[in-house]
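Below, each chain spelled out in residue letters.
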Amino acid sequence: KHTIYITRHGQSEYNLVGKLGGNPPLTEAGKEYARRLAKFAEENVCKDDAGNVRRARLWTSSLQRTILTAEHIPHPIVCDGWQQMATRVYRNLDEIFAGECEGLTYAEIEKLHGSEASLRKMDKIGYRYPRGESYFDLIARLDPLVHELESYEEPVMVISHQAVMRILYSYLVGIDRERAPKLEIPLHTVVKITYDAYNECGFTEERFYLGP
Ligand code: F6P
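These remarks concern the structure in this document. As the structure is a computational prediction, the values presented were derived from the model and not from experiment. (Residues numbered from 1 in each chain as written. Predicted model: local features only at pLDDT ≥ 70, side-chain atom pairs only at ≥ 80, totals over all residues. Heavy atoms only, no water.)

Right, let's get into the overall build of the protein. Scanning the protein from N- to C-terminus turns up seven helices and eight strands. Relative to a compact globule of 212 residues, whose C-alpha radius of gyration would be 17 Å, the protein shows 17 Å and is just as compact. In terms of principal-axis extent, the alpha carbons of the protein reach across some 55 × 40 × 25 Å. Per-residue burial for the protein yields a buried fraction of 50% across its 212 residues. Contacts in the protein between residues at least 24 apart in sequence constitute 68% of all its contacts with a sequence separation of at least 6. (Helix = DSSP H or I, 4+ residues; strand = E, 2+ residues; numbered from the N terminus. Rg over C-alpha atoms; globule rule 2.2 N^0.38 Å. Buried < 20%, exposed > 50% of the residue type's maximum accessible area, 1.4 Å probe, protein only. Contact = heavy atoms within 4.5 Å.)

Moving on to the site of the ligand. Close to the ligand lie Asn 15, Leu 20, Gly 21, Glu 95, Ile 96, Tyr 106, Arg 120, Lys 124, Tyr 135, Gln 162 and Arg 166. Here Gly 21 contributes a backbone N or O atom positioned 2.8 Å from an oxygen atom of the ligand. The contact in question runs from an oxygen atom of the ligand to an N or O atom on the side chain of Arg 120, over 2.8 Å. Burial of the ligand by the protein amounts to 92% of the accessible area it has alone, namely 400 Å². Placement of the ligand is best described as lying within the largest pocket. Looking at the shell around the ligand residue by residue, the class counts come to four nonpolar, three polar and four charged. (Near = heavy atom within 4 Å. Polar contact = N/O pair within 3.5 Å; in protein donor to acceptor, adjacent residues only side chain to side chain. Areas by Shrake-Rupley, 256 points an atom, 1.4 Å probe, with all protein chains shown as cover. 1 Å grid on protein atoms, 1.4 Å probe; cavity = no way out; pocket = protein on both sides within 12 Å on 5 of 7 lines; lining within 4 Å. Sits in = over half its atoms within 2 Å of the grid points. Nonpolar A, V, L, I, M, F, W, Y, C, P; charged D, E, K, R; others polar.)

Turning to the side chain of Thr 69, a few remarks are in order. Relative to the helices and strands, Thr 69 is located in helix α3 (residues 64–69). Within the local environment of Thr 69, its side chain forms a polar contact with the backbone oxygen of Arg 65, the two atoms lying 2.5 Å apart. When neighbours within four sequence positions are excluded, Thr 69 is seen to be in contact with His 9, Gly 10, Leu 26, Tyr 33, Ala 34, Leu 37 and Ile 159.

According to the stated counting rule, one finds twelve salt bridges in the structure shown. We note a salt bridge from Glu 154 to Arg 57, for which the minimum N-O separation is 2.5 Å. With a gap of 97 residues between them, Glu 154 in the loop between α6 (135–151) and β6 (156–160) and Arg 57 in strand β2 (residues 56–60) connect regions that are remote in the sequence. As far as burial versus exposure is concerned, Glu 154 and Arg 57 are alike and both buried. In this structure, Arg 207 and Glu 205 form a salt bridge, with 2.9 Å as the shortest nitrogen-oxygen distance. The exposure class of Arg 207 is partly exposed, given its relative accessible area of 39%. (Salt bridge = Lys/Arg side-chain N within 4 Å of Asp/Glu carboxyl O.)

Bringing the layout of surface pockets into the picture now. Quantified by volume, the largest pocket comes out at close to 570 Å³. As for the largest pocket, its lining consists of 29 residues, of which Leu 20, Tyr 106, Arg 120, Tyr 129 and Gln 162 are closest to the centre. Residue composition of the lining of the largest pocket, by class: eleven nonpolar, seven polar and eleven charged. Within this model, the second largest pocket holds a volume of roughly 220 Å³. Taken together, 13 residues make up the lining of the second largest pocket; nearest its centre are Thr 3, Tyr 5, Asp 49, Arg 54 and Lys 192. Taken together, the elements giving at least two residues each to the lining of the second largest pocket come down to β1 (2–8), α2 (28–45) and β7 (189–195). Residue composition of the lining of the second largest pocket, by class: two nonpolar, three polar and eight charged. (Points joined across faces, edges and corners; volume = space filled by probe spheres on them.)

Fair warning: the whole summary comes from geometry, so function is off the table for now.
This is the structure in structure tokens:
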């Protein structure tokens, strides 16, 4: 049985005002999610079903909102010569780069770059932001990571971003990538995917809303 936990970062200052991208810090609610996520990781990811401590992996993007979300997770603890959660920071897990639209709200994009907004509506997966990325670009840079993710025996927790999680989640549960850019990926929720050969579809999915 292989288990992967994926979550978005805690609420950021930009989430609060609807701005895209950037490198904002967490709000108070986001910081509270970070504390709750650490407790969740300690009790679930770092322990097996019998309650024994086990080794696990923790991946974040290089943006501070995911690193701060991982802040309280007990990754420096050494266990059997291993860090309890071996941590890695991947730029490939960074949020879709909106280029000239970084830091804008959707309403501002409509106003300042109206034609860009309608191009994106017509083809969300293929649309590339001016000097930025498309969902297809994201799929290409996540491809090596999903193969690595699947190669581990120990559980992995991935803390990333909305667009990245849409692609990772769709890949892991077999959703057609054309549908991925429109999936709802809520904040403050951990999605647990357990590969299980005895299950008809090959995996089970559980969701944990941790609030606040
Ligand atoms: O609004 C949060 C966010 O993560 C932005 O940084 C990013 O541009 C956006 O979501 C991606 O979602 P969508 O592709 O639906 O615009």
